[in-house]
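Residue-level structural notes
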Amino acid sequence: MNNPAMILVHPQMAENIGMSARAMMNCGLYEMRIVAPREFHLSDKAVAASSGADKILHHAKLYASTAEAVADLELVYATTARRRNMIKIVETAEGAAKEIALKNASGVRCGILFGPERTGLHNDDVALADKIIEIPLNPEHCSLNLSQAVLLAGYEIYKHRLDVPEVQLVTNGAAIADKEKINRFFDFLDDKLSGCRAFQDEEKRPRMLVNLHNIFLRGEITEPELNTLYGIINYLSQGKNT
């Protein structure tokens, strides 16, 4: 799969390089490029911080300059919270991820630049990028740790490979009760409530039954849940106390 290169420019701490590798593997990204790191990217601290993603560190490519790191790429983004008074297209991480997915699918080599922890990318680095990725955050405090920036950008890219519903009901294998079972339960409940004073009121009864139907039809009730309700109602209808 043609993945974008994640390019760490002058990273300062080995732990942040390791945590960036961890973030990349979380998002299925494996190509790390490192420009003149201050600390060794394969140090014990970096490997430990990678939390099992050390193969990314072992395959990382080292470069002396940002220009060398992006030389073979056709589309380069710079992540920065400051636009540096440059005339550049600025995109959110989500918008950039959509474009990267399309470009990668057609064979275009892409990369994302991430600056050093203390200062972020320098003007010379941003100038090498085609576009800027700006992650909207609280304007009172919008600085990110290096690995956090890698994770946010990487996750937006990874989302384009996911096919997971936004909301799903986890039943742990329990079958959803079909309408026949639910209607049978309503008949059972109606019968048990027939002696209830409120249900003997002919004006209130229809509305109360509608409300009960809505309660049970609002969500996807499972067969074990229905069986539990049967047991509780039978117990209560016998006038027993716990």
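Further up the page is the structure itself.
Residues numbered from 1 in each chain as written. Predicted model: local features only at pLDDT ≥ 70, side-chain atom pairs only at ≥ 80, totals over all residues. Heavy atoms only, no water.

**Overview of the packing of aromatic side chains**
Using the criterion set out here, one finds four aromatic pairs in the structure. Seen from their ring centres, Phe185 and Phe186 are 6.3 Å apart, and the 50 degrees between their planes marks the pair as tilted. On the basis of relative accessible area, Phe185 is assigned to the buried category, the value being 0%. Judged by its relative accessible area of 6%, Phe186 is buried. On the numbers, 5.3 Å between centres and 85 degrees between planes, the contact of Phe185 with Tyr230 is edge-to-face. You can see Phe185 sitting in helix α8 (residues 179–192) and its partner Tyr230 sitting in helix α10 (residues 223–237), a full 45 residues away along the chain. (Phe/Tyr/Trp six-rings, centres within 6.5 Å; stacked < 30°, edge-to-face > 60°. Buried < 20%, exposed > 50% of the residue type's maximum accessible area, 1.4 Å probe, protein only. Helix = DSSP H or I, 4+ residues; strand = E, 2+ residues; numbered from the N terminus.)

**Some remarks on the side chain of Arg33**
Examined against the element boundaries, Arg33 turns out to sit in strand β2 (residues 32–35). Look past the residues within four positions of Arg33 in its chain and what remains in contact with it is Ala5, Met6, Ile7, Leu8, Lys61, Tyr63, Ala69, Asp72, Leu73 and Arg109. (Contact = heavy atoms within 4.5 Å.)

**Observations concerning the packing of α8 against helix α9 (residues 205–217)**
Close contact between α8 and α9 brings their axes to 11 Å; oriented N to C, the two are set at 140 degrees. Compared by their axis directions, α8 and α9 come out oblique. Of the two elements, α8 crosses α9, and the hand of that crossing is right-handed. Contacts between α8 and α9 involve Lys179, Ile182, Phe185, Phe186, Leu189 and Asp190 from the first element and Arg205, Leu209, Leu212, His213, Phe216 and Leu217 from the second. By residue class, the composition of the contact of α8 with α9 is eight nonpolar, one polar and three charged. (Axes fitted to C-alpha atoms, helices over the stretch in contact; angles between N-to-C directions. Parallel < 35°, antiparallel > 145°, perpendicular 65-115°, else oblique. Left-handed = near helix turned anticlockwise from the far one by under 90°. Nonpolar A, V, L, I, M, F, W, Y, C, P; charged D, E, K, R; others polar.)

**Quick word on α8**
With 14 residues, α8 should cover 20 Å at 1.5 Å per step; its first-to-last C-alpha distance of 20 Å lies within 8% of that length. If you follow the buried residues of α8, they end up packed against α9 and α10. Regarding α8, its N-cap is Asp178, as a side-chain oxygen of that residue lies 3.2 Å from the backbone nitrogen of Glu180 further along. (Expected span 1.5 Å × (residues − 1). Polar contact = N/O pair within 3.5 Å; in protein donor to acceptor, adjacent residues only side chain to side chain.)

**Considering the sheet that holds strand β1 (residues 5–9)**
Across the sheet, seven strands lie side by side as β3-β2-β1-β6-β4-β7-β5; this open sheet has parallel pairing. What marks the edges here is a single partner per strand, and that holds for β3 (61–63) and β5 (89–91). For this sheet, the mean inter-axis angle between neighbouring strands, taken without regard to orientation, is 25 degrees. By the bridge criterion, four bridges tie β1 to strand β6 (residues 110–114) in an arrangement that is parallel. When the sheet's bridge partners are listed, Ile7 is paired in β6 with Leu113. Here helix α5 (residues 93–105) sits on the sheet in contact with β4 (75–79), β5, β6 and β7 (131–133), set at roughly 160 degrees to β4. Strand contacts of helix α7 (residues 146–159): β1 and β6, with the helix running at about 155 degrees to β6, the strand carrying the most contacts. (Pairing = 2+ DSSP bridges.)

**Structural notes on the environment of Asn16**
Among the structural elements, Asn16 can be located in helix α1 (residues 14–26). Each C-alpha atom, one on Asn16 and one on Glu117, is 8.5 Å from the other, the two residues being 101 residues apart in sequence. In contact with Asn16, other than residues within four places in its own chain, are Glu117, Asn145, Leu146 and Ser147.

**As for the pattern of salt bridges**
Enumeration according to the criterion identifies ten salt bridges in this entry. Between Glu39 and Lys45 there is a salt bridge, with the nearest N and O atoms lying 3.6 Å from each other. Given the relative accessible area of 25%, Glu39 is considered partly exposed. (Salt bridge = Lys/Arg side-chain N within 4 Å of Asp/Glu carboxyl O.)

**Some remarks on the side chain of Glu156**
In this fold, Glu156 is placed in helix α7. The residues contacting Glu156, other than those within four sequence positions of it, are Ala93, Glu94 and Ala97.

**So, α7**
With 14 residues, α7 ought to run about 20 Å at 1.5 Å a step, and its terminal C-alpha atoms sit 20 Å apart, in line with that. Among all positions of α7, only Leu146, Ser147, Ala149, Val150, Ala153, Gly154, Glu156 and Ile157 are buried. Residues of α7 that are buried make contact with β1, α1, α5 and β6.

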